[in-house]
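# Overview (structure and organization)
What follows is each chain in one-letter form.
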Amino acid sequence: MSSQTPFPAKLITLERHIIEGERSHPGATGEFSGLLHGMSLAAKLVWREVTKAGLVNILGRTDRMNISGDVIKKLDEFADQTIYKAMDHLGHLCVMASEENEDLLHIPENYPNGKYVLLYDPLDGSGNIDANVTIGTIFSVYRRVTASGPGTMEDVLQQGNQQVAAGYVLFGSSMMFVYSTGHGVHGFTLDPSVGEFLLSHENIQMPRKGTIYSVNEGNEGRWAPAMQRYIRYLKEEDKETGRPYSSRYVGSLVADVHRTMLYGGIYCYPGDTKNPNGKLRLMYENNPLAYLVEAAGGASTNGEKRTLDIQPTSLHERAPLFIGSAEDMRIAQEFLHGKRT
Ligand code: P6P
């Protein structure tokens, strides 16, 4: 009996999936493939450092804070620079923006400007890095709106409904690359023996309703009464509606939303009396995840309106986030709008 692993009947690598996706869209130029391939390469380079983070001097903090006031971890900084360098020369982008950088990230003059815009959170959940908890990278792609030349703030501050692709990378028990170009959400798991992302979660469809809620309950005292009533409702005993729900909160948005997408339920980061707009960043966290969750059949709002319809006014603005299964989101909205008590 051969000890070799048999060649899988249907070995779909990320590259093949992107190229076949490209072929099924007439007029596609292949620029997309190059852009997504660049992101997958950057992800593997970050993964290489994340997996040995405990062994080399890359854990811990830098002496810098980002524009949002978060302490920048060394691995944050490495991921941020790695993504920029993996993407800056490909010719697909006219500008980038990162959660870790106050201003726009321009394409070096010796490289061509492309027709896309990339926004990214290089290492979401970085507060968990030193404790070896799942963290991840989140990215979002728009088509430029200016005609040519270096990209501008106008190219970046677009509503989330203008995204042409979004995705995230999970650095957890295995490494996953999850993305959508608007035609379903597809998950790939890294096979480290060949260094390839292989299709493992084709066309992810969120359960219409779940039995898990995810929120930092430490903030309960600051929530609006309607939010307090909603979470209290989820804890009441009612077998018909699957209550009480289970509470799961990793503290890494990308991990909490990935679980919500697969198992169903709801993730909430509401505004409160101390932070009226909550903590999460609209452009780097809420919009890309809302794009993916909607493509998987779920929904996302800021408590008032669809996340993807919010008109951004600044690069690092925060927005409340309610994201999850369609039925859970409907019930949450009824509480938040005072239709249920
Ligand atoms: P809290 C990580 O810094 C992050 O932006 C998200 O990944 C995470 O969900 C959230 O903050 C955790 O915030 O206030 O619950 O610690």
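Overview of the structure. Only a predicted model underlies this, so the values are computations on that prediction, with no experimental measurement involved. (Residues numbered from 1 in each chain as written. Predicted model: local features only at pLDDT ≥ 70, side-chain atom pairs only at ≥ 80, totals over all residues. Heavy atoms only, no water.)

### Some remarks on helix 8 (residues 326–336)
Within helix 8, burial applies to D328, M329, I331, A332, Q333, F335 and L336. Where the residues of helix 8 are buried, they touch helix 5 (225–235), strand 13 (266–269), strand 14 (299–301) and strand 15 (321–324). (Buried < 20%, exposed > 50% of the residue type's maximum accessible area, 1.4 Å probe, protein only. Helix = DSSP H or I, 4+ residues; strand = E, 2+ residues; numbered from the N terminus. Contact = heavy atoms within 4.5 Å.)

### Observations regarding the sheet that holds strand 12 (residues 246–247)
With respect to topology, five strands assemble into an open sheet ordered 12-11-13-15-14, the strand pairing being mixed. Only two strands of the sheet have a single neighbouring strand rather than two, namely strand 12 and strand 14. Where strand 13 meets strand 15, four bridges bridge the pair, whose relative direction is antiparallel. Following the sheet pairing, Y267 is matched in strand 15 by I323. In this fold helix 6 (residues 253–263) packs onto strand 11 (212–214), strand 13 and strand 15, with an angle of close to 150 degrees to the strand it touches most, strand 13. In this fold helix 7 (residues 282–295) packs onto strand 14 and strand 15, with an angle of close to 25 degrees to the strand it touches most, strand 15. (Pairing = 2+ DSSP bridges. Axes fitted to C-alpha atoms, helices over the stretch in contact; angles between N-to-C directions.)

### Here we look at the side chain of N302
Tracing the sequence through the fold places N302 in the loop between strand 14 and strand 15. Overall, N302 belongs to the buried group, its relative accessible area being 19%. Within the structure, N302 has its side chain in polar contact with the backbone nitrogen of E304 (distance 2.7 Å). In terms of polar contacts, N302 uses its side chain to reach the backbone amide nitrogen of K305, at 2.7 Å. Those residues in contact with N302, other than ones at most four positions away along the chain, are T307, I310, P320 and F322. (Polar contact = N/O pair within 3.5 Å; in protein donor to acceptor, adjacent residues only side chain to side chain.)

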